[in-house]
Amino acid sequence: MDEKPLMKSKERVRQHGEVFTPKWIVDKMLDQPGIKEATENLRATFLEPSAGEGAFLVEILNRRLNLAYQQSNSLREYEENALIGLSTLYGIELLEDNVEMLVMNLMSEFEMHYYDAIHKYSGNYSNKVFQSAKVIISANMVQGNALTHLTQENTPIIFSEWKILPKKYGKHKVERIESTFEDIIEQNESNGSASTAHQDEQLDLFALDEEQEEDTEEVPKLRYKVVDLLDIGQQIVEEIA
Ligand SMILES: C[S@@+](CC[C@H](N)C(=O)[O-])C[C@H]1O[C@@H](n2cnc3c(N)ncnc32)[C@H](O)[C@@H]1O
């Protein structure tokens, strides 16, 4: 039984339309054909543009982490698959306290599954994995306005693509590439991809071609060194692009 309150106050409902989705509806929506398949694909991207405390994103993560376990033959493989499944989940939320809960709920879900996996594989906890999850969640969950595409500081919302490179010496490397939300939307519109107007539709995020990437250069973005997937937590900024 779901006992989580669906409203915090009448004022917040009136001002921000804040009503949280009950778990049974989340499950039903995520079981819809097309959506279900994407929840079962570690690399399929989800963006929840009014994420609240993460009703949808936390359940998608739960399903992804179960899948990561099924697809892994060792703890190391689970750690990589779990981070890949996490790295493709994105959220935007207007209110600070909701963002804090969103980040905390995703982190707790990740940790709970990680402790389970450690137990099942009789392995050891790695702080590197925990730190990498933390960096991914704080980059992917943005406090901002999904309608204006701006953060609380009136700067453009920037998302990171975690581009997983082919395995080398048995390890995945990752390249972190930043794009503004504005550019992502424009690119999706010109590609005729899914609209952000609908929660939880799969978006073809980060499909910028080289020409369009050049158009966005006036927006300061960070460039990151390519690192092992489990070293995202220690990723170094190379230069300001
Ligand atoms: C109906 S609630 C849904 C929350 C969550 N998706 C769920 O299903 O439980 C809408 C959420 O959108 C947030 N919100 C309202 N306007 C927004 C905007 N312009 N940009 C981003 N988030 C917004 C509210 O603070 C609230 O948490």
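Source: prediction; values computed, not measured.

About the cut-offs
- Residues numbered from 1 in each chain as written.
- Predicted model: local features only at pLDDT ≥ 70, side-chain atom pairs only at ≥ 80, totals over all residues.
- Heavy atoms only, no water.
- Near = heavy atom within 4 Å.
- Polar contact = N/O pair within 3.5 Å; in protein donor to acceptor, adjacent residues only side chain to side chain.
- Areas by Shrake-Rupley, 256 points an atom, 1.4 Å probe, with all protein chains shown as cover.
- Helix = DSSP H or I, 4+ residues; strand = E, 2+ residues; numbered from the N terminus.
- Nonpolar A, V, L, I, M, F, W, Y, C, P; charged D, E, K, R; others polar.
- 1 Å grid on protein atoms, 1.4 Å probe; cavity = no way out; pocket = protein on both sides within 12 Å on 5 of 7 lines; lining within 4 Å.
- Points joined across faces, edges and corners; volume = space filled by probe spheres on them.
- Salt bridge = Lys/Arg side-chain N within 4 Å of Asp/Glu carboxyl O.
- Buried < 20%, exposed > 50% of the residue type's maximum accessible area, 1.4 Å probe, protein only.
- Phe/Tyr/Trp six-rings, centres within 6.5 Å; stacked < 30°, edge-to-face > 60°.
- Lys NZ or Arg CZ within 6 Å of the ring centre and 35° of its normal.

J.: Hey, could you go over the site of the ligand for me, with residue numbers and the actual values?
T.: Neighbouring residues of the ligand: 22 residues in total, closest Thr 21, Glu 48, Ser 50, Glu 93 and Asn 145. The side chain of Glu 48 places a nitrogen or oxygen atom 2.7 Å from a nitrogen atom of the ligand. Contact between the ligand and Asn 98: an oxygen atom at 3.2 Å from a side-chain N or O atom of the residue. Considering the ligand on its own, with 600 Å² of exposed area, one finds that the protein chains cover 88% of that surface. Taken together, the elements giving at least two residues each to the shell around the ligand come down to helix H4 (55-70) and strand E3 (141-145). Grouping the amino acids of the shell around the ligand by side-chain chemistry returns 10 nonpolar, 9 polar and 3 charged.

J.: How would you sum up the layout of surface pockets? Please name residues and give values.
T.: In this structure, the largest pocket spans a volume of roughly 790 Å³. Looking at the largest pocket, it is lined by 40 residues, and the ones nearest its centre are Phe 20, Ser 50, Ala 51, Gly 52 and Glu 53. Counting residues per element, the ones that place at least two in the lining of the largest pocket are helix H2 (23-30), H4, strand E2 (89-93), helix H6 (96-121), E3 and helix H8 (181-191). Of the residues in the lining of the largest pocket, the class split is 17 nonpolar, 14 polar and 9 charged.

J.: So what's going on with the pattern of salt bridges? Which residues, and what values?
T.: Opposite charge on two side chains allows them to pair when their charged atoms are near. Under the defined criterion, the tally for this structure stands at 15 salt bridges. Of the charged contacts, one joins Glu 80 and Arg 76 as a salt bridge, the two residues approaching to 2.8 Å between their closest N and O atoms. One end of the pair is Glu 80 and the other is Arg 76, both in helix H5 (residues 75-87) and 4 residues apart, which spans about a single turn. Taking the relative accessible area as the measure of exposure, Glu 80 reaches 3% and is therefore buried. Salt bridges sharing common partners tie together Lys 8, Arg 12, Glu 18, Glu 53 and Asp 97.

J.: Could you give me a rundown of the packing of aromatic side chains, with the residues and numbers involved?
T.: For the structure shown, the criterion picks out 7 aromatic pairs. Seen from their ring centres, Phe 159 and Phe 181 are 5.7 Å apart, and the 90° between their planes marks the pair as edge-to-face. Remark: Phe 181 occurs in helix H8 and Phe 159 occurs in strand E5 (residues 158-168); sequence separation between them is 22 residues. In this structure an aromatic cluster arises from ring pairing among Phe 110, Tyr 114, Tyr 115, Tyr 125 and Phe 130. Against the face of Tyr 69 rests Lys 120, its NZ or CZ located 4.3 Å from the ring centre. Looking at Arg 176, its charged tip hangs above the ring of Tyr 224, at a distance of 4.2 Å from the centre.

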